[in-house]
Amino acid sequence: MGSITGGHDILKTSIESIIRDLSLAAEGKLKIDWVQAHMPVLNRIREQFERDLPFKGLRVAISLHLEAKTAYLAKVVQAGGAEVVITGSNPLSTQDDVCAALVEDGIAVFAKYNPDPQEYKDLLVKTLETKPDLIIDDGGDLVTILHAERQDLLAGIRGGAEETTTGILRLKAMEKEGSLKFPMVAVNDAYCKHLFDNRYGTGQSVWDGINRTTNLVVAGKTVVVNGYGWCGKGVAMRAKGLGANVVVTEVDAIRAVEAYMDGFTVLSMAEAAKVGEYFITVTGNKDVIRGEHIANMKDGAILSNAGHFDVEVNLVELAAMSVSKRIVRRNIEEYTLKDGRKIYVLAEGRLVNLAAGDGHPAEIMDMTFALQALSLRYVNENYQQIGSRVVNVPYELDEQVARTKLEALGIRIDTLTDEQKDYLDSWAAH
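Each chain has its residues counted from 1, running along the sequence as written. Confidence filtering applies because this is a predicted model: local features only for residues at pLDDT of at least 70, side-chain atom pairs given and counted only at 80 or more, and all residues used for totals across whole chains, interfaces and linings. Note: side-chain values were computed over all heavy atoms of the structure, leaving out hydrogens and water.

Draft legend 1. Up close: the overall build of the protein. Secondary structure assignment for the protein yields 17 helices and 17 strands. When we talk radius of gyration, it's over C-alpha atoms, and the globule rule is simply 2.2 Å times the number of residues to the 0.38. Taken over C-alpha atoms, the radius of gyration comes to 22 Å for the protein, in line with the 22 Å a tight globule of 430 residues would show. Along the first, second and third principal axes, the C-alpha atoms of the protein reach 70 × 65 × 45 Å. Taking contacts inside the protein between residues at least 6 apart in sequence as the whole, the part at least 24 apart equals 72%. The sign given to each residue is positive for Lys and Arg and negative for Asp and Glu; His and the chain ends receive no count. In this description, the location of a charge corresponds to atom NZ of lysine, CZ of arginine, CG of aspartate or CD of glutamate. If you average the places of the 47 positive and of the 60 negative side-chain charges in the protein, the two averages end up 3 Å apart. Each helix corresponds to a stretch of at least 4 residues labelled H or I by DSSP, and each strand to a stretch of at least 2 residues labelled E; elements are numbered beginning at the N terminus. Note on definitions: a residue-residue contact is assigned when non-hydrogen atoms from the two residues lie within 4.5 Å.

Written out as structure tokens, the structure reads:
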């Protein structure tokens with residue numbers, strides 16, 4: 001047991017961590033302190049958790065992009081009485097100093113920056129081998145390993161929460177075929193997630209990552225955004241704000257019309273490839289940018305991905321078309337094609353906002369991680385009734401996060417009178 005916070009002992013773990021360097025903890029702690037000061041919603045939930053201890057006696061495994069904001073979520077869950085074990089959800093987004101700070105705070109960490117693929121997988125497995133009761137997942141990696149490779153670890157798991165569109169697609173496919181073995185809450189589908197995190201968080205953090213990596217001007221250039229879901233909307237909006245000419249590609253006719261009416265040029269990828277200078281994939285699908293598209297791109301085109309997995313840009317085909325490849329700047333690989341054109345890939349085709357940046361702003365992740373914390377409590381209290389299904393975040397939790405955010409901002413809104421409620425509930429002629 002560790003230090004006293006809010007009148008309760010914080011449960012520290014006896015599990016031995018695997019991290020890069022414990023001596024980095026002081027720097028990591030500064031990062032966590034900074035985001036904590038800018039996450040008022042999560043701070044209020046932490047106060048509730050310290051009083052109620054909703055996870056007392058339970059072990060929680062978390063797989064998320066392991067940087068400061070995620071670290072603070074882990075500490076909030078720990079404040080709720082849980083023994084917390086955490087790993088990364090992307091090899092290039094883990095910050096070693098943050099890992100060290102969490103270990104010093106009594107949280108077990110299995111994560112390093114840029115491990116090789118096998119070590120990355122091993123760290124995920126080791127996290128699950130601690131036999132958690134609850135999980136928070138990002139992209140469905142923990143759930144997939146449990147169901148496909150380590151079914152021996154399934155028995156004790158009550159349920160969990162999923163962060164991303166990609167993860168929810170995988171979960172729903174499992175639910176449809178009847179293979180899902182425990183309940184998962186689709187946090188990504190909550191209003192306070194996709195309206196704010198996906199749109200404003202992704203929109204800003206993608207350009208933070210691109211701009212800090214390239215140090216090039218965006219104004220006046222043509223930006224191609226592949227996919228116009230909530231993340232794509234945010235990326236396109238911010239590109240327009242930076243002065244770019246924005247082109248959107250889509251496979252969904254309704255979203256394509258929406259992009260057109262939002263003022264963007266809509267083209268097929270074959271057409272967009274010829275005019276784009278920046279390309280940003282935000283689809284959750286594979287092979288969005290293929291060799292046939294790269295063959296028609298301008299010299300100096302910059303390719304980046306903001307979807308969960310590094311499969312949206314076909315790097316195998318790009319490499320086959322190239323005569324050489326070199327790193328020209330941190331997180332920028334230059335591919336020289338046979339005709340001399342150069343194509344640049346950011347962050348190895350992985351999530352550019354996290355692999356080449358710090359991810360979403362703290363104020364945005366404040367709302368998202370508040371939803372994660374509340375959803376984890378919800379599934380723990382209701383897992384037997386829910387069964388092995390993918391369920392939405394209850395609306396009252398979504399609204400609770402929004403109201404807490406407004407309170408933190410000092411904003412007041414109106415409430416309906418009883419007469420107005422009766423009017424809305426009546427079917428009779430008004």
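Here the narrative resumes, following the displayed structure.
Draft legend 2. How the structure looks around the domain arrangement of the protein. You can read the domains of the protein as domain 1 (24-195 + 360-409) and domain 2 (200-356). Between the C-alpha centres of domain 1 and domain 2 there is a distance of 29 Å. Taken together, the contact pairs 19 residues of domain 1 with 17 residues of domain 2. Buried area: the accessible surface (1.4 Å probe) lost by two parts on joining, summed over both. A buried area of about 1,500 Å², summed over both sides, lies between domain 1 and domain 2, and 62% of it is on carbon and sulfur atoms. For salt bridges, the criterion is a side-chain nitrogen of Lys or Arg within 4 Å of an Asp or Glu carboxyl oxygen. The tally of links from domain 1 across to domain 2 stands at 0 salt bridges. Whenever a nitrogen or oxygen atom comes within 3.5 Å of another N or O atom, the pair is scored as a polar contact, on the condition that within protein one atom can donate a hydrogen and the other can accept it, and that pairs from neighbouring residues in sequence are kept only if both atoms are in side chains. At the surface where domain 1 touches domain 2, the tally comes to 4 residue pairs in polar contact (both at pLDDT 80 or more). Gly is put with the polar residues, along with every residue not named as nonpolar or charged; the nonpolar set is Ala, Val, Leu, Ile, Met, Phe, Trp, Tyr, Cys and Pro, and the charged set is Asp, Glu, Lys and Arg. Residue classes in the side of domain 1 that touches domain 2 are distributed as 6 nonpolar, 9 polar and 4 charged. As annotated, the domain borders come from an automatic or database domain assignment.

Draft legend 3. The environment of Asp152, seen in detail. Here Asp152 shows up in the loop between α6 (141-148) and β7 (159-162). Taking the C-alpha atoms as reference, Asp152 lies 9.6 Å from Glu129; in sequence the two are 23 residues apart. Engagement of the side chain of Asp152 in a polar contact is seen with the side chain of Arg150, the distance being 2.9 Å.

Draft legend 4. Representation of the sheet that holds strand β11 (residues 265-266) in the model. Strands sit in the order β11-β10-β9-β12-β13-β16-β15-β14 across an open sheet of 8 strands; the sheet is mixed. Single-partner strands in this sheet number two, and they are β11 and β14 (322-329). For two strands to be treated as a pair, DSSP must find at least two bridges joining them. Across 2 bridges, strand β10 (residues 245-249) lies against β11 in parallel orientation. Each residue of the ladder has a partner; that of Val247, found in β11, is Thr265. Of the strands in this sheet, β9 (222-226), β10 and β12 (278-281) are in contact with helix α9 (residues 230-241), which crosses β9 at around 170°. The angle between two axes is taken between their N-to-C directions and runs from 0 to 180 degrees, where each axis is a line fitted to C-alpha atoms and a helix contributes only its stretch in contact.

Draft legend 5. Expanded view of the pairing of β12. For the exposure calls, accessible area comes from a 1.4 Å probe over protein chains only, and a residue counts as buried if that area is under 20% of its type's maximum, exposed if over 50%, partly exposed in between. Where burial is concerned, the two faces of β12 agree: the one with Tyr278 and Ile280 and the one with Phe279 and Thr281 are both buried. Two elements, β9 and β12, share 4 bridges in a ladder whose sense is parallel. In the sheet register, Asn226 faces β12, and the bridge partner there is Thr281. Note: β12 against strand β13 (residues 302-305), 4 bridges, orientation parallel. Directly across from Ile280, in β13, lies its bridge partner Ser304.

Draft legend 6. Molecular detail of a negative patch on the surface. Patch construction takes residues with relative accessible area above 30% that form no salt bridge. Like charges are linked within 9 Å, and nonpolar side chains (Val, Leu, Ile, Met, Phe, Trp, Tyr) are linked within 5 Å. Each accessible area value is a Shrake-Rupley result obtained with a 1.4 Å probe; residue values ignore everything except the protein chains displayed when judging cover. A cluster of acidic residues, Asp418, Glu419, Asp422 and Asp425, forms a negative patch at the surface. Relative to the helices and strands, Glu419 is located in helix α17 (residues 418-425).

Draft legend 7. Representation of the pattern of salt bridges in the model. Scanning the entire structure with this criterion turns up 23 salt bridges. Across the salt bridge formed by Glu129 and Arg150, the nearest N and O atoms sit 2.7 Å from each other. With Glu129 in the loop between α5 (117-128) and β6 (134-137) and Arg150 in the loop between α6 and β7, this pair connects stretches of sequence that are 21 residues apart. Each of Glu129, Arg150 and Asp152 takes part in one network of salt bridges that share partners.

Draft legend 8. Inspection of a nonpolar patch on the surface at higher detail. Residues Val257, Tyr260, Met261 and Val266 make up a contiguous nonpolar surface patch of roughly 430 Å² in combined accessible area. When residues of the nonpolar patch are assigned to their parent elements, the largest contribution, 3 residues, is made by helix α10 (residues 253-261). Note that Met261 resides in helix α10.

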